[in-house]
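For reference, the chains in residue letters:
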Amino acid sequence: MKNMRHIAVDQLVKYLTSDPVKKISKIVSLVQKLDRKHKYSDVMDIIADTLMGESDVWKKFTEDLFREVDTKTLQKLAECFLVNVAFIGGPKRDKIKEKYNCNVPLALLIDPTSACNLNCTGCWAAQYGKQHNLSYDILDSLCQQGRELGIYWFLFSGGEPLIRKTDIIRLCEKYQDCYFFAFTNGTLVDEQLCEDIRRVGNFTLAFSIEGNEANTDMRRGKGCYKRVVEAMDLMKKHKLFFGYSTCYTHYNTESVASDEFVDEMIARGCRFAWNFTYIPIGKDAQLDLIATPEQRAYMYKRVQEIRTTKPLIALDFWNDGETAHGCIAGGRSYLHINAAGDVEPCAFIHYANVNIHNVSLLEALQAPLFQEYKKHQPFNSNPLIPCPLLDNPEILIEMVNNSNAYSTQLDGPEPVEELCSKTVLAAQRWAPVAEKLWEERQQIKKEKEAKAAKR
Ligand code: SF4
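Rules and cut-offs
Residues numbered from 1 in each chain as written. Predicted model: local features only at pLDDT ≥ 70, side-chain atom pairs only at ≥ 80, totals over all residues. Heavy atoms only, no water. Salt bridge = Lys/Arg side-chain N within 4 Å of Asp/Glu carboxyl O. Helix = DSSP H or I, 4+ residues; strand = E, 2+ residues; numbered from the N terminus. Buried < 20%, exposed > 50% of the residue type's maximum accessible area, 1.4 Å probe, protein only. Axes fitted to C-alpha atoms, helices over the stretch in contact; angles between N-to-C directions. Parallel < 35°, antiparallel > 145°, perpendicular 65-115°, else oblique. Contact = heavy atoms within 4.5 Å. Nonpolar A, V, L, I, M, F, W, Y, C, P; charged D, E, K, R; others polar. Domains from an automatic or database assignment. Buried area = accessible area lost by both parts, 1.4 Å probe. Polar contact = N/O pair within 3.5 Å; in protein donor to acceptor, adjacent residues only side chain to side chain. Patch = residues over 30% accessible without salt bridge, like charges linked within 9 Å, V, L, I, M, F, W, Y side chains within 5 Å. Areas by Shrake-Rupley, 256 points an atom, 1.4 Å probe, with all protein chains shown as cover.

(A) The pattern of salt bridges, seen in detail. Under the criterion given, the structure shown has 32 salt bridges. Arginine 271 is the salt-bridge partner of glutamate 68, the closest N and O atoms lying 2.8 Å from each other. Taken together, the residues span a long stretch of sequence, with glutamate 68 in helix H4 (residues 57-68) and arginine 271 in strand E6 (residues 270-277) at a distance of 203 residues. Judged by relative accessible area, arginine 271 falls into the buried class, the value being 6%. For aspartate 259, the salt bridge is made with arginine 302, and the minimal N-O distance between the two is 3.0 Å. One end of the pair, aspartate 259, is in helix H13 (residues 259-267); the other, arginine 302, is in helix H14 (residues 293-309), with 43 residues separating them in the sequence. For arginine 302, a relative accessible area of 8% translates into the label buried. Several salt bridges converge on common partners, so that one network encompasses Lys60, Asp64, Arg67, Glu68 and Arg271.

Pasting the structure below:
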């Protein structure tokens, strides 16, 4: 049942559908005047700088969003994230964190199946086969347990999660106060699914794409680019909210970061982009796919540029350590449950102590490997060196050994020393580049603060 907060948010979104920028600006000015104790001044300043500043990028983003996306979809986004994930979920999670002395995440990433209908180069799912699936009852129980802990955001990866689209839509219908999200190869998106997504309102997709047509088809197979953009066109026609995700490697970094590619994705209707980088996991890992330190630094700078020049919410899973205050895994902000039920700290860390078929979610959060994460986070004082696998492999070895965690690699166990031997060189080469980037970043911040103090 909707409470007063949800109704207020629904009304607000409805009110903003015509001339949103002007109306948001008016609301911000009003809040700034009324907020004598400056309780909301930080948030209001960010909104004011973003929407009323000199750049037109975020004005365009906001206007396009309210004009092109279905109102119910926007209401659900606001209701689930502003009210449930933040206002209702935050205090609940904090209480449990304190009571049980463990991390409680704001999101769960779950693989409903290990099956995939593609065979992408360097993707571990291709080797897993079809043997692992989480039953509807387990998925349902995870949503139920999650909600009790203050978790209202569920993401699906895989395998190809849309192989289970009927079950996912069923969950979206049942848990209308939660938000659902899937990383998909796009091949199973059709008219019926788009109608279902619009009806439930609380489900969005991120389409996996590897840059332009040549790069995408090289990694994912011939014809994949065309199929993904056709699926995007269908989503756009149905006025849905969606985005894309890339995995930048040694071979496609320049393509996924290019103006041509990003502009094309925006024109196709994407509102957000998640950028990941290649991690060499499993026996078929391809070390030549690892991006060079120069490419990673280039991506860091490009994502910052994209944020100020293009109407797109651009995220970089590794290079956003500064915003996220380091690694977000181990239940700090999220955790991963694979298709066999193993509860892992992160989608890229295939080690666990427990399986969700045998323990509750709360018990899983207290598992030794999660406690190790809690104890060691952040893994580096430089937030641009956040990852225990890619950047600080010696710490991952220590944590896995201390906690006696087992390998959950579904195509055959991988000892942690063997895994980390594949990232140690990349970590050594990245560290000096990241230090220089961080120094530059600090300098820019200081200059900005000095300018602001003079005003
Ligand atoms: S373990 Fe690495 S990849 Fe996973 S969230 Fe932490 S920094 Fe990111």
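That covers the picture; the talk isn't over yet.
(B) Local environment of the packing of helix H11 (residues 224-237) against H13. Remark: H11 packs on H13, axes separated minimally by 10 Å, with the N-to-C direction vectors making an angle of 40 degrees. Taken together, the axis directions place H11 and H13 in an arrangement best described as oblique. Counted together, Tyr225, Val229, Met232 and Lys236 of H11 and Glu264, Met265 and Ala267 of H13 form the full contact between these two elements. Taken together, the residues of the contact of H11 with H13 break down into five nonpolar, no polar and two charged.

(C) Region of the structure containing the domain arrangement of the protein chain. Examined at the domain level, the protein chain breaks down into domain 1 (4-68) and domain 2 (101-344). Here the C-alpha centre of domain 2 lies 28 Å away from the C-alpha centre of domain 1. Between domain 1 and domain 2, roughly 810 Å² of surface is buried when both sides are summed, and carbon and sulfur atoms account for 63% of that area. Applying the counting rule to domain 1 against domain 2 returns one salt bridge. Inspection of the region where domain 1 meets domain 2 yields two residue pairs in polar contact (both at pLDDT 80 or more). For the side of domain 1 that touches domain 2, the class distribution of residues is four nonpolar, one polar and four charged.

(D) Examining a nonpolar patch on the surface more closely. Together, Leu12, Tyr15 and Ile27 give the surface a local cluster of nonpolar side chains, amounting to about 250 Å² of exposed area. Looking at where leucine 12 falls in the secondary structure, it is placed in helix H1 (residues 4-16). A relative accessible area of 39% means that leucine 12 is categorised as partly exposed.

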